[in-house]
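# Report on the structure
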Amino acid sequence: MVAKIGENIQVRRMASRGGDGSTVGAYVLMNRLGVIVELEGGTKDLCIDIAMHIAAMNPPYATSDDVPAEVLEKEKEILTDQALQSGKPSEIVEKMVEGRIRKYLEEICLVSQAYVKDSDKTVGKLLEDNGAKIIGFTRLAVGEGIEKKADDFAAEVAKMAGTKEPAAV
């Protein structure tokens, strides 16, 4: 491909899904974003619909079981600190944090998000109605993970001029 189009191409990430008894579907958005979904049961069309949802909503995790303990602990720390600063008693703070963690998990987990094509049901309910269960998904975006070089134009000019420090303005 490099010789054919004359561009330097580097594959930074790739993914594969599928196995015995699983259903796999993919969705590509404007050749810039791709999603692969693997379900236990269900149909290929259902996989594609779920992949469209993932492309739109970008959930980091499929289910609450997939959320790392460190992420939950950090969020609990932040929420507890916020609640304590509001001057609430510790027993109320505990219940507030518990409710906010539940809401946080609903936002970041695919199965608890409101389905984009029908906001009256969650993705989990859609899967349940179609006799399917999420095994996993992979979302890949063009340019994802590329570190951008931060240029300091003033320092670059000073270096070219032979001075050590950029002039103060």
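The model shown is predicted, which means the values in this text are computed figures rather than measured ones.

## Concerning the layout of surface pockets
Size it by volume and the largest pocket reaches roughly 360 Å³. Lining the largest pocket are 16 residues, and of these Arg12, Arg13, Ala141, Val142 and Gly143 lie nearest its centre. Every element with two or more residues in the lining of the largest pocket is listed here: strand E2 (33-41) and strand E5 (132-141). For the lining of the largest pocket, the residue count by class is eight nonpolar, four polar and four charged.

## Re helix H2 (residues 44-57)
Helix length check: H2 (14 residues) gives 20 Å between terminal C-alpha atoms against 20 Å at 1.5 Å per residue, within 8%. Looking at the packing, one finds that the buried side of H2 touches strand E1 (22-29), E2, strand E3 (114-115), helix H5 (123-129) and E5. Once H2 ends, the next one or two residues include asparagine 58, with phi positive near 50 degrees.

## With respect to the packing of helix H3 (residues 69-85) against helix H4 (residues 90-108)
Their axes nearest at 9 Å, the elements H3 and H4 cross at an angle of 135 degrees. Classified by the interaxial angle, the pair formed by H3 and H4 is oblique. The crossing of H3 and H4 is right-handed. Contacts between H3 and H4 involve Val71, Leu72, Glu75, Lys76, Leu79, Thr80, Gln82, Ala83 and Leu84 from the first element and Val93, Met96, Val97, Arg100, Ile101, Tyr104 and Leu105 from the second.

## Topic: the UniProt feature "domain: Translation elongation factor EFTs/EF1B dimerisation" (unreviewed entry) in the protein
The positions that UniProt labels "domain: Translation elongation factor EFTs/EF1B dimerisation" (unreviewed entry) are, in the present scheme, residues 2-144. Within residues 2-144, the helical portion is 43% and the strand portion 24%, while the C-alpha atoms at the span's ends are 20 Å from each other.

Each value, and the rule that gives it
Residues numbered from 1 in each chain as written. Predicted model: local features only at pLDDT ≥ 70, side-chain atom pairs only at ≥ 80, totals over all residues. Heavy atoms only, no water. 1 Å grid on protein atoms, 1.4 Å probe; cavity = no way out; pocket = protein on both sides within 12 Å on 5 of 7 lines; lining within 4 Å. Points joined across faces, edges and corners; volume = space filled by probe spheres on them. Helix = DSSP H or I, 4+ residues; strand = E, 2+ residues; numbered from the N terminus. Nonpolar A, V, L, I, M, F, W, Y, C, P; charged D, E, K, R; others polar. Expected span 1.5 Å × (residues − 1). Contact = heavy atoms within 4.5 Å. Axes fitted to C-alpha atoms, helices over the stretch in contact; angles between N-to-C directions. Parallel < 35°, antiparallel > 145°, perpendicular 65-115°, else oblique. Left-handed = near helix turned anticlockwise from the far one by under 90°. UniProt positions renumbered as here; feature names shortened; annotations may be inferred.

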